[in-house]
Amino acid sequence: MDNTSGVGVLDKAALVLTALESGPATLAGLVAGTGLARPTAHRLAVALEHHRLVARDMQGRFVLGPRLAELSAAAGEDRLLATAGPVLARLRDITGESAQLWRRQGEHRVCVAAAERPSGLRDTIPVGSQLTMRAGSAAQVLLAWEDPERMHRGLQNSAFSAAALSGIRRRGWAQSVGEREQGVASVSAPVRSPGGKIIAAVSVSGPLERLSRQPGRMHAPAVLAAAERLSESLRRAAAE
């Protein structure tokens, strides 16, 4: 199948964006992933960065930029975010704890939607917050189904082990107690694309004194149900 449009510069820019879909890349990685000459790959990546279609992570690697999410939301195509609000609000009401939706971006996870507990002691995480992929139940979920190489890199200096991730894949959810922040516990479950890929994590989080040292016993069923509702919304959208 011919994937060329006849407009060479756009075809090459599309190659760069497609190469970054699988995660951060150095310039050498872009050259290898696109087949473009090094000067061409660099020139296109920098130009795309100017328009915020490409960005850099903390290590200086190229990643997909924030403008892509803005365009997607503006076009009404991001069904996940459109559905997340009421699903998270319901999860918050069922559990009595703050609820969040997380996506991975390079070596961090970003809170893309949230429903806060209205009063009392709570774990407040504003939309747009970037947290580590080295700790927390959402990080565990977003890493557990990665390919072996990315999983191995992600486990370096992390607060959890490969055995823990194996257990998460078996039971379908993760919990953490004081991993990200002392005195805070959380429970997370994966959101899947229509093709089955893990694209986000749904979480509830709150003080350890309410969630206990086994927060999954209290809230895993509700978190799993919320994640399944979001996954189902994506499957319906794909079938339309």
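No experiment lies behind these values; they were computed from the predicted model shown.

### Remarks on the overall build of the chain
1) Next: Helix and strand content of the chain: 10 helices and eight strands.
2) Next: Relative to the compact-globule value of 18 Å for 240 residues, the chain shows a C-alpha radius of gyration of 19 Å, a close match.
3) Next: Projected onto its principal axes, the C-alpha positions of the chain cover 60 × 40 × 30 Å.
4) Next: Going through the 240 residues of the chain one by one, you find that 44% of them count as buried.
5) Next: Of the contacts formed within the chain by residues at least 6 apart in sequence, a portion of 55% connects residues at least 24 apart.
6) Next: Charged side chains in the chain number 30 positive and 22 negative. The centres of these two groups are separated by 3 Å.

### Quick notes on the UniProt feature "domain: HTH iclR-type" (unreviewed entry) in the chain
1) Next: When the UniProt feature table is mapped onto this chain, "domain: HTH iclR-type" (unreviewed entry) is found at residues 7-66.
2) Next: Helix and strand shares over residues 7-66 are 58% and 10% respectively, and the end C-alpha atoms of the span are 25 Å apart.

### So, a nonpolar patch on the surface
1) Next: Taken together, V7, V9 and L10 make up a surface patch of nonpolar side chains, about 270 Å² in accessible area.
2) Next: Relative to the helices and strands, L10 is located in helix α1 (residues 8-20).

### Side note on the packing of aromatic side chains
1) Next: Applying the stated criterion across every chain, the model contains zero aromatic pairs.
2) Next: Positioned above the aromatic ring of W102 is the side chain of R109, whose terminal nitrogen or guanidinium carbon lies 4.6 Å from the ring centre.
3) Next: When the ring centre of W145 is taken as reference, the NZ or CZ atom of R192 above it lies at 5.2 Å.

### Regarding the side chain of R109
1) Next: Here R109 shows up in strand β4 (residues 108-115).
2) Next: Of the side chains with opposite charge, E179 comes closest to the buried, unpaired R109, at an N-O distance of 7.1 Å.
3) Next: Only 2.9 Å separates the side chain of R109 from the backbone oxygen of T132, close enough to count as a polar contact.

### So, the sheet that holds strand β5 (residues 130-132)
In sheet architecture, strand pairing relies on hydrogen bonds along the backbone and comes in two forms, parallel and antiparallel.
1) Next: Strand order in this open sheet of six strands is β5-β4-β3-β8-β7-β6, and the pairing throughout is antiparallel. Each end of this open sheet is capped by a strand with a single partner; those strands are β5 and β6 (174-177). Across the sheet, the mean angle separating the axes of adjacent strands is 35° when strand polarity is ignored.
2) Next: With three bridges joining them, β4 and β5 adopt antiparallel strand pairing. Residue R109 lies in a different strand from β5, and its bridge partner there is L131.
3) Next: Packed onto the sheet, helix α5 (residues 79-95) meets β3 (98-105), β4, β7 (184-192) and β8 (198-207) and runs at close to 140° relative to β3.

### Some details on the pairing of β7
1) Next: Within β7, eight of the nine residues are buried, which leaves the element mostly enclosed by the surrounding structure.
2) Next: With four bridges joining them, β6 and β7 adopt antiparallel strand pairing. The partner of Q175 across the bridge, within β7, is V187.
3) Next: In textbook terms, the turn of a hairpin is the stretch between consecutive antiparallel strands, and for β6 and β7 this stretch comprises six residues, one of which, G178, has a positive phi near 70°.
4) Next: Pairing analysis gives nine bridges linking β7 to β8, with the strands arranged antiparallel. Bridging across to β8, S186 finds its partner in S205.
5) Next: Between β7 and β8, which pair antiparallel one after the other, the connecting turn spans five residues, and G196 there sits at a positive phi close to 95°.

### Some remarks on the packing of helix α6 (residues 137-144) against helix α8 (residues 162-171)
1) Next: As a packed pair, α6 and α8 sit with axes 9 Å apart at the nearest point and diverge in direction by 80°. Taken together, the axes of α6 and α8 are roughly perpendicular relative to one another. Residue-level contacts link Q140, L143 and A144 of α6 to L165, I168 and R169 of α8.

### Some thoughts on the pattern of salt bridges
1) Next: Under the criterion given, the structure shown has 14 salt bridges.
2) Next: Measuring nitrogen to oxygen at the nearest pair gives 2.8 Å for the salt bridge that ties D57 to R61. Note on accessibility: D57 and R61 belong to one class, buried.
3) Next: Residues joined in a network through salt bridges with shared partners are D57, R61, R104, E107, R134, E146 and R150.

Rules used in this analysis
- Residues numbered from 1 in each chain as written.
- Predicted model: local features only at pLDDT ≥ 70, side-chain atom pairs only at ≥ 80, totals over all residues.
- Heavy atoms only, no water.
- Helix = DSSP H or I, 4+ residues; strand = E, 2+ residues; numbered from the N terminus.
- Rg over C-alpha atoms; globule rule 2.2 N^0.38 Å.
- Buried < 20%, exposed > 50% of the residue type's maximum accessible area, 1.4 Å probe, protein only.
- Contact = heavy atoms within 4.5 Å.
- Lys, Arg positive; Asp, Glu negative; His and termini not counted.
- Charge placed at Lys NZ, Arg CZ, Asp CG, Glu CD.
- UniProt positions renumbered as here; feature names shortened; annotations may be inferred.
- Patch = residues over 30% accessible without salt bridge, like charges linked within 9 Å, V, L, I, M, F, W, Y side chains within 5 Å.
- Areas by Shrake-Rupley, 256 points an atom, 1.4 Å probe, with all protein chains shown as cover.
- Salt bridge = Lys/Arg side-chain N within 4 Å of Asp/Glu carboxyl O.
- Phe/Tyr/Trp six-rings, centres within 6.5 Å; stacked < 30°, edge-to-face > 60°.
- Lys NZ or Arg CZ within 6 Å of the ring centre and 35° of its normal.
- Polar contact = N/O pair within 3.5 Å; in protein donor to acceptor, adjacent residues only side chain to side chain.
- Pairing = 2+ DSSP bridges.
- Axes fitted to C-alpha atoms, helices over the stretch in contact; angles between N-to-C directions.
- Parallel < 35°, antiparallel > 145°, perpendicular 65-115°, else oblique.

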